[in-house]
Amino acid sequence: MKPGFLAGEVGNGLRRNTAMVISVVLVTMVSLFFLGMGLLAQRQVDTLQGYWYDKVQVSIFLCTEDTAEVASCAGGGVTEAQREQLASDLDGLRPLVQEYWYESNEEAYQRFREQFRNSPVLDNVPREAIPESYRVQLSDPTKYEVVASAFQGAPGVESVEDQREVVDKLFTFLNAVSLAAVALAGAMVICAVLLISTTIRLTAWSRRRETTIMRMVGASAFTIHLPFIVETLLATVVGAALSVGLLWAMVHYGIAGFLTELLAGQGGMIGLIGTSDLWLVAPFLVGGAVLLAIVTSWLALIRHVRV
Amino acid sequence: MIAFENVTMRYAKGDPLALQEVDVEIGRGEFVFVVGASGSGKSTLMRLIILEHEATEGRVLVAGHDLSRLPARRIPALRRQIGIVFQDFRLLSGKTVYQNVAYVLQVLGKRRHTIKQLVPETLELVGLQDKAKRLPHELSGGEQQRVAIARAMVNKPPILLADEPTGNLDPTTSTEIVAILERINRTGTTVVMATHDTSIVNTFRKRVVQLRDGRIVRDQAGGEYEAIEVEGVAAR
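Being a predicted model, the structure only gives us computed values, none of them experimental. (Residues numbered from 1 in each chain as written. Chains lettered and ligands numbered in written order. Predicted model: local features only at pLDDT ≥ 70, side-chain atom pairs only at ≥ 80, totals over all residues. Heavy atoms only, no water.)

(A) Region of interest: the overall build of chain A. Across its full length, chain A carries nine helices and four strands. The C-alpha radius of gyration of chain A comes to 29 Å, more than 25% above the 19 Å expected for a compact globule of 307 residues. If you line up chain A on its principal axes, its C-alpha atoms span 90 × 40 × 30 Å. Expressed as a percentage of its 307 residues, the buried residues of chain A come to 45%. (Helix = DSSP H or I, 4+ residues; strand = E, 2+ residues; numbered from the N terminus. Rg over C-alpha atoms; globule rule 2.2 N^0.38 Å. Buried < 20%, exposed > 50% of the residue type's maximum accessible area, 1.4 Å probe, protein only.)

(B) The pairing of strand S7 (residues 159-163) of chain B, seen in detail. All names here are of chain B. Burial of S7 is extensive: five of the five residues sit out of reach of the surface. Side chains Ile 159, Leu 161 and Asp 163 project from S7 onto one buried face, and the interleaved Leu 160 and Ala 162 project onto a second face that is buried too. Looking at chain direction, strand S6 (residues 82-85) and S7 are connected through four bridges and run parallel. Residue pairing across strands places Ile 84 opposite Leu 161, the latter belonging to S7. Direction of pairing for S7 relative to strand S8 (residues 190-195): parallel, over a ladder of five bridges. Of the residues in S8, the one forming a bridge with Leu 160 is Val 191. The parallel pair S7 and S8, bridged by helix H6 (residues 171-186), forms a crossover whose chirality is right-handed. (Pairing = 2+ DSSP bridges. Right-handed = clockwise from strand over helix to strand, strands pointing away.)

(C) Expanded view of unusual backbone geometry. Residues and elements named next belong to chain B. With a phi angle near 55°, Arg 90 is a residue other than glycine that sits in the positive phi range. Assignment of secondary structure puts Arg 90 in the loop between S6 and helix H3 (97-107). Its relative accessible area of 26% is what places Arg 90 among the partly exposed residues. Phi at Asp 213 is positive, roughly 50°, even though this residue is not glycine. Among the secondary structure elements, Asp 213 is positioned in the loop between strand S9 (207-212) and strand S10 (215-220).

(D) Geometry of the sheet that holds strand S3 (residues 133-138) of chain A. All names here are of chain A. Taken in spatial order, the four strands of this open sheet run S2-S3-S1-S4, and their pairing is antiparallel. Of all strands in the sheet, those with a lone pairing partner are strand S2 (97-103) and strand S4 (157-161), marking the two edges. For this sheet the average axis-to-axis angle between neighbouring strands, irrespective of direction, equals 15°. Two strands pair when backbone bridges link them, and strand S1 (residues 58-62) and S4 are joined in this way by four bridges, in the antiparallel orientation. Its bridge partner lying in S4, Leu 62 is registered against Val 157. Sitting on the sheet, helix H5 (residues 144-151) is in contact with S1, S3 and S4, with an inclination near 170° to S4. (Axes fitted to C-alpha atoms, helices over the stretch in contact; angles between N-to-C directions. Contact = heavy atoms within 4.5 Å.)

(E) Representation of helix H4 (residues 105-115) of chain A. Residues and elements named next belong to chain A. Within H4, the full set of buried residues consists of Ala 108, Tyr 109 and Phe 112. For H4, the arc enclosing every buried residue in end-on projection is 100°, short of the 170-degree limit, so these residues lie on one face. Residues of H4 that are buried in the fold lie against S2. (Arc of directions from axis to C-beta.)

(F) View of the sheet that holds S9 of chain B. Residues and elements named next belong to chain B. The strand order across the open sheet built from six strands is S6-S7-S8-S3-S9-S10, with neighbouring strands paired in mixed fashion. Both edges of this open sheet fall to S6 and S10, since each of them pairs with a single strand only. The mean inter-strand angle of the sheet, taken between neighbouring strand axes irrespective of direction, is 15°. The sheet contact formed by S9 and S10 spans five bridges and is antiparallel. Across the sheet, Gln 210 pairs through a bridge with Arg 218, a residue of S10. Across the sheet, helix H5 (residues 141-153) lies against S6 and S7, angled at about 165° from S6, the strand it touches most.

(G) Seen up close, the packing of helix H2 (residues 18-49) of chain A against helix H9 (residues 275-304) of chain A. Residue and element names in this part refer to chain A. Close contact between H2 and H9 brings their axes to 10 Å; oriented N to C, the two are set at 145°. Judged by the sense of rotation from one axis to the other, the crossing of H2 with H9 is right-handed. Of H9, the residues touching H2 (which contributes Leu 32, Leu 35, Gly 36, Leu 39, Leu 40, Arg 43 and Thr 47) are Asp 277, Leu 278, Leu 280, Val 281, Leu 285 and Ala 289. Among the residues forming the contact of H2 with H9, the class breakdown is nine nonpolar, two polar and two charged. (Left-handed = near helix turned anticlockwise from the far one by under 90°. Nonpolar A, V, L, I, M, F, W, Y, C, P; charged D, E, K, R; others polar.)

(H) Representation of empty space enclosed by the protein within the structure. The final tally for this structure, using the stated rule, is three cavities of 30 Å³ or more. Of the volumes computed, that of the largest cavity is approximately 170 Å³. As for the largest cavity, its lining consists of 16 residues, and the residues nearest its centre are Met 216 and Val 217 of chain A together with Ile 84, Arg 151 and Ala 152 of chain B. For the lining of the largest cavity, the per-class residue count stands at nine nonpolar, three polar and four charged. (1 Å grid on protein atoms, 1.4 Å probe; cavity = no way out; pocket = protein on both sides within 12 Å on 5 of 7 lines; lining within 4 Å. Points joined across faces, edges and corners; volume = space filled by probe spheres on them.)

(I) Representation of the domain arrangement of chain B within the structure. Residues and elements named next belong to chain B. When cut into domains, chain B gives domain 1 (2-81 + 158-235) and domain 2 (91-156). Of note, the centres of domain 1 and domain 2, computed from C-alpha atoms alone, are 25 Å apart. With 13 residues of domain 1 at the interface, the matching set in domain 2 holds 12 residues. For the pair domain 1 and domain 2, the summed buried area comes to about 980 Å², and 74% of that belongs to carbon and sulfur atoms. The largest share of the area that domain 1 buries against domain 2 comes from Arg 80, Ile 180 and Ile 184, three residues that together contribute 38% of it. Applying the counting criterion to the domain 1 and domain 2 interface returns two residue pairs in polar contact (both at pLDDT 80 or more). Considered class by class, the residues forming the side of domain 1 that touches domain 2 number eight nonpolar, two polar and three charged. (Domains from an automatic or database assignment. Buried area = accessible area lost by both parts, 1.4 Å probe. Polar contact = N/O pair within 3.5 Å; in protein donor to acceptor, adjacent residues only side chain to side chain.)

(J) Quick peek at the interface of chain B and chain A. Taken together, the contact between chain B and chain A spans 22 residues of the former and 19 residues of the latter. Summing both partners gives a buried area of about 1800 Å² for chain B against chain A, and 60% of it is carried by carbon and sulfur. On the chain B side of the contact with chain A, Arg 79, Tyr 103 and Val 107 of chain B bury the most area, a combined 31% of that side's loss. For the pair chain B and chain A, the interface holds five residue pairs in polar contact (both at pLDDT 80 or more). Those elements giving two or more residues to the side of chain B that touches chain A turn out to be helix H2 (75-79), S6 and H3 of chain B. Ranked by residue count, the leading element in the side of chain B that touches chain A is H3 of chain B, at four residues. Across the side of chain B that touches chain A, the residue classes break down as 11 nonpolar, two polar and nine charged.

Pasting the structure below:
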């Protein structure tokens, strides 16, 4: 079948079933929008968790030039001797301290840049303001207090944090959003599958004379099925494109725009997802739509179009 | 060209036999009328040739293919060897005469210049070269059937099946249609026409294969339709 002829057949099919095609576009759009939202919420969780989240329970941030107001940092930045003392103190707490890592200012700054890549605060934070730290893994995470009390206020230590306590609540919320969105997406995908199947059935009926002729003159099953599949693909890809457009608007104006300004205004420092995260998710959405269209229409064709 | 070897056909369990132990051979370039009352098995015979259905028992051979062993992916190739004409024409109402005929070649992926050459040639064969731009509803029944014949023949198949092609036409037009089929037959195409049009069979005096209740009851060269009543089963 020549491309020009195929285009003509597809055009005829789309004209005959405009209403059904529009509904396939819309249902695909809504289902992929929810799916995209679920995936983006997961990316938001990943962004917030940062590099150390899964590895350590306690972070001991060391003094910088900017933290002189903290009593234990009165002497300015942490000194080499203080750093070594802290390391030997950590060794003294074994086996409660299972393992610890030293993160230099340079490494910390690189990770900070990655985590806050979509945030305007990035430009306002000088490299020196990012503290070096010891990241500590405990053999028993519930004994956080033991480590906290041992190091809080020690010379050269700005603060000891159990970051999880704060962010875990947010994660629970985001995970719930993600789960709800994916569940809705699942229901909508079922709608999409049923609608595509019904559309193909109707199209097959309105095109039954053409398909009979095709069959009789010896067209292959592929040739007979191709116009149906191309029509479905077009409708779902348009739906996917629209959903990506909606997600882009949500991320660009809603998160990167509104939410970031809101948080910055309140002095909050949270690494947020941006449109770059959407471009990582979008190929999966479009790919999913293509796969959905091909598999669903193929199955519907086997059922409704005799070859 | 076409051979039925002891073919029995039953559409579904419990149904009566549509064909019973049918043995018939149709050679290359023959013209055969398949006659019989409604329900006698004429259409079933046609359907088995294009492999719309598979015979329950026995073998059907068409253009060198044993249809009982033909894999599904080879069925299109078989059908490209066969042109089919139906009683109800089955033209595409939104397409012109030319487009209806060209459709077959487009579906089969033929080149544009091949289509430009073959379609007018075929329309000339059926005498419709002047009506290429007409839509089906602007044509008489006879003309519509000629378009259907052109469509069946445009890919130059060696076999032409016609299932009651004159069933919807008046006697004069019917004769014209069969005359076209005869002309096509003279170019070497094997023509099998199912009919219960007495005068057509009597006028053209071709080989007659008569079916009754799914059995061949007569196979006669240059036969008449009336022979059914006179000779009955004994004629075979």
